[in-house]
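Now for the letters of each chain:
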Amino acid sequence: MTTLQSSEFPVASMPWRNRSRKKIVAIVLASAAPLAITFVLAKMYEIPGLFALLLVFLPLQLLSASISSIAIVGRRGIADAILSVAILFLVGIMVALLGSTVVSLLIRGFKALSIHALYQNSFTITSITSLDYGGLGHAILGTTIIVGIAVTLAIPIGIAVGIFLTETRSPMNAAIRFLSQSLSGLPSIVSGLFVFAFLFLTGLVQRAAVLGSIALFLLMLPTIIRLSEDVFKLVPQELRFAALALGAPRHKAFFQVVFPAARSGIITTCLLGTARIIGETAPLIVLVTYLPSTNVNPFSGDMAALPTYIYTWLKYSTDFANQRAWGGALTLMILVGILFTMARYLGRKKI
Amino acid sequence: MDHKSYEMVNLKFKVTGRGDKLFFGVSRIAAYFAFSLVFLIVIFLSRASAGTFKDQGLAFFTGSTWSDQDGIYQIFPMLVGSVLCSLIGLFIAAPISIAIAYFTEYMAPPRLARALTNIIDLLAALPSIVIAIWGSFVFAPVAAGWAQLLHKYLGSIPGFKNTSEQFLGSPFIAGWILAIMMTPIITSVAREMIGAVDKDLVSAAYALGGTKFSTMRRVVLPTAKGGITGGILLGLGRGLGETVAVLYVLNLLFVVNLDIFEGHGGSIAPMIAAYYGEASEKGVSALLAAGVALFLITLVVTFVAQTILSRSERKMAS
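Residues numbered from 1 in each chain as written. Chains lettered and ligands numbered in written order. Predicted model: local features only at pLDDT ≥ 70, side-chain atom pairs only at ≥ 80, totals over all residues. Heavy atoms only, no water.

(A) The arrangement of a positive patch on the surface in detail. Residues and elements named next belong to chain B. Taken together, the side chains of Lys225, Arg311, Arg314 and Lys315 define a basic patch exposed on the protein surface. With 3 residues, helix H13 (residues 281-317) is the largest single contributor of residues to the positive patch. Position of Arg314 among the secondary structure elements: in helix H13. (Patch = residues over 30% accessible without salt bridge, like charges linked within 9 Å, V, L, I, M, F, W, Y side chains within 5 Å. Areas by Shrake-Rupley, 256 points an atom, 1.4 Å probe, with all protein chains shown as cover. Salt bridge = Lys/Arg side-chain N within 4 Å of Asp/Glu carboxyl O. Lys, Arg positive; Asp, Glu negative; His and termini not counted. Charge placed at Lys NZ, Arg CZ, Asp CG, Glu CD. Helix = DSSP H or I, 4+ residues; strand = E, 2+ residues; numbered from the N terminus.)

(B) Empty space enclosed by the protein, seen in detail. Residues and elements named next belong to chain A. Across all of its chains, the model carries 4 cavities of 30 Å³ or more by this definition. Of the pockets and cavities examined, the largest cavity occupies roughly 50 Å³. The element that contributes the greatest number of residues to the lining of the largest cavity is helix H14 (residues 319-347), accounting for 3 residues. Tallied by class, the residues present in the lining of the largest cavity amount to 5 nonpolar, 4 polar and 1 charged. (1 Å grid on protein atoms, 1.4 Å probe; cavity = no way out; pocket = protein on both sides within 12 Å on 5 of 7 lines; lining within 4 Å. Points joined across faces, edges and corners; volume = space filled by probe spheres on them. Nonpolar A, V, L, I, M, F, W, Y, C, P; charged D, E, K, R; others polar.)

(C) View of the interface of chain B and chain A. Each partner contributes to the interface: chain B provides 85 residues, whereas chain A provides 85 residues. When the two sides are added together, the surface that chain B and chain A hide from each other amounts to roughly 8,100 Å², 81% of it contributed by carbon and sulfur. Considering only the side of chain B, the residues that lose the most area to chain A are Phe23, Ile133 and Tyr276 of chain B, jointly responsible for 8% of the buried surface there. Our enumeration of links across chain B and chain A arrives at 1 salt bridge. Close ionic contact of Asp121 of chain B with Arg344 of chain A constitutes a salt bridge, the shortest N to O distance being 2.6 Å. Taken together, chain B and chain A are joined by 10 residue pairs in polar contact (both at pLDDT 80 or more). (Contact = heavy atoms within 4.5 Å. Buried area = accessible area lost by both parts, 1.4 Å probe. Polar contact = N/O pair within 3.5 Å; in protein donor to acceptor, adjacent residues only side chain to side chain.)

(D) Just the side chain of Thr143 of chain A, in detail. Looking at the secondary structure, you find Thr143 of chain A in helix H5 (residues 137-167). Apart from the residues lying within four places of it in its own chain, the contact partners of Thr143 of chain A are Gly148, Ile278, Ala304, Ala305, Leu306 and Pro307 of chain A.

(E) Broad picture of the environment of Phe89 of chain A. Residue and element names in this part refer to chain A. Among the structural elements, Phe89 can be located in helix H3 (residues 77-112). Taking the C-alpha atoms as reference points, Phe89 and Phe57, 32 residues apart in sequence, are found 11 Å from one another. Apart from residues lying up to four places away in sequence, Phe89 is in contact with Leu53, Leu54 and Leu58.

Below is the structure:
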């Protein structure tokens with residue numbers, strides 16, 4: 001009886017584990033060398049940053065990636081190496097821009113934020129008043145009211161359209177979907193102008209914050225329609241038919257079976273839609289005049305909102321005014337971040 | 001039984017009973033409201049600006065003067081500027097978006113891909129006023145430096161001239177800002193389309209000895225091409241309509257400018273916001289007319305984009 005020697009067992013090759021020393025050296029050199037050379041050259045010849053990046057670093061990186069890929073897989077690897085470097089470079093540009101935005105917001109915005117800034121208004125505050133006085137409480141309140149009205153209008157109507165598009169099969173469906181989605185390209189300023197022409201010029205509504213809400217509602221509607229339609233489509237048809245087979249009327253089948261199944265998706269939809277309009281500035285510039293003091297009545301008088309608060313302080317060129325604008329921008333970004341994180345967190349629970 | 005046959009069964013239901021009638025009645029009203037909004041917007045904006053179109057005639061689109069005192073309103077430089085800035089934006093945003101989409105779908109480990117997707121979605125939620133303040137204080141000086149450098153070496157080529165030595169407020173900077181706003185839109189569409197490419201097709205290409213590069217160029221991109229084009233057009237619509245972010249980085253001037261480094265340019269949407277505050281009654285009507293022009297342009301772009309997208313989605317599904 002012969003026994004198999006251990007060397008005779010077939011061994012899985014596991015090519016991904018195959019990291020020879022040559023390979024590792026090639027990879028390390030390919031990633032470290034161009035950076036080092038660029039750094040030294042830029043210091044020696046004082047090459048400006050952009051040129052160092054574009055005309056020295058990028059070609060060097062392409063070259064070294066090609067050489068290392070020749071070392072690892074042979075000539076066929078060159079195109080792959082170039083592709084990888086180019087893609088990482090392009091991704092890096094966008095991440096750097098976004099990172100710059102967030103970092104400068106945090107650094108400059110925090111200077112202007114304090115506890116009192118969150119609840120005080122800016123009544124009697126001028127562009128040279130120190131940051132110890134005044135704040136953006138009125139703007140936060142105003143944004144909450146204006147956006148709140150827009151959201152309470154947009155969510156029921158948007159969901160109703162979503163219901164129509166998923167629960168019925170009328171021949172108009174395609175046209176309704178197409179035209180309501182073409183509204184998603186509606187420029188925000190045009191939405192403001194439309195509300196101005198439709199409600200104000202015709203004398204239907206006096207100048208008031210609610211005009212801004214209606215403009216924001218128009219901007220939010222297509223998002224809610226599309227997302228809610230997607231969410232309702234995800235609910236399996238079997239659930240609907242089971243409810244109907246048990247004798248439920250269509251509306252009961254919807255509200256007691258389909259809607260609960262889609263609930264977490266709908267919540268995500270609402271939060272994302274709100275995040276999209278909370279910072280809209282252009283329609284508010286057209287429709288709602290900034291007011292430095294607090295006004296809680298959306299049906300009469302001017303009202304402050306965070307975007308117009310930022311917009312107003314940006315008109316001045318003093319340091320204090322600029323810092324107030326940065327503070328407003330950071331507050332707005334934090335609000336968006338909260339909505340966004342909530343949406344991601346709640347949206348993870350799949351239906 | 002597959003999904004389609006269920007939908008056919010669905011047709012047979014009749015709406016009876018008060019509850020159902022109310023349920024479908026309300027949703028039908030909402031749907032027709034959403035349907036009619038586009039027409040409402042076009043009708044009311046055109047009605048409010050009819051005076052301007054009558055007074056100015058065709059010169060409204062082809063002339064280059066805007067003067068509230070003389071009552072002359074012409075938007076040609078702004079039209080050209082809008083298109084120029086958006087094209088610069090697309091030139092930057094399209095490759096970046098496709099790269100991000102390819103990176104998240106094919107290169108990055110799942111966790112990094114998810115993180116990057118979240119980051120780009122957050123970018124989509126960045127309010128334009130936040131981009132505006134960052135753009136005017138942080139980015140514009142840096143980008144003006146880039147423009148100056150590029151101009152030093154490319155200045156002799158037509159389109160890259162700068163005669164004023166003033167680099168702030170150029171279409172180049174506005175284009176970058178627009179690229180930041182377009183990227184999330186194009187990326188999300190491109191990711192969907194690149195992700196929808198049949199994985200068997202990709203595996204087959206690899207099995208035949210294709211490299212990553214040849215697979216991308218010969219399999220992935222051609223299959224996803226239609227959808228990506230639609231996404232790029234959606235981004236174009238976004239760029240044409242962007243108001244506040246461009247307002248702060250572009251020096252608006254009623255002179256036709258095709259040189260991307262020259263320190264002035266035009267764009268319709270920010271022009272409306274900039275002139276709206278102190279416009280006379282006729283001026284407001286002219287601004288509404290500019291709004292109509294802008295809306296019709298973006299509407300056409302969005303229409304084409306949606307048609308392309310839904311066609312390529314159908315093709316992908318079959």
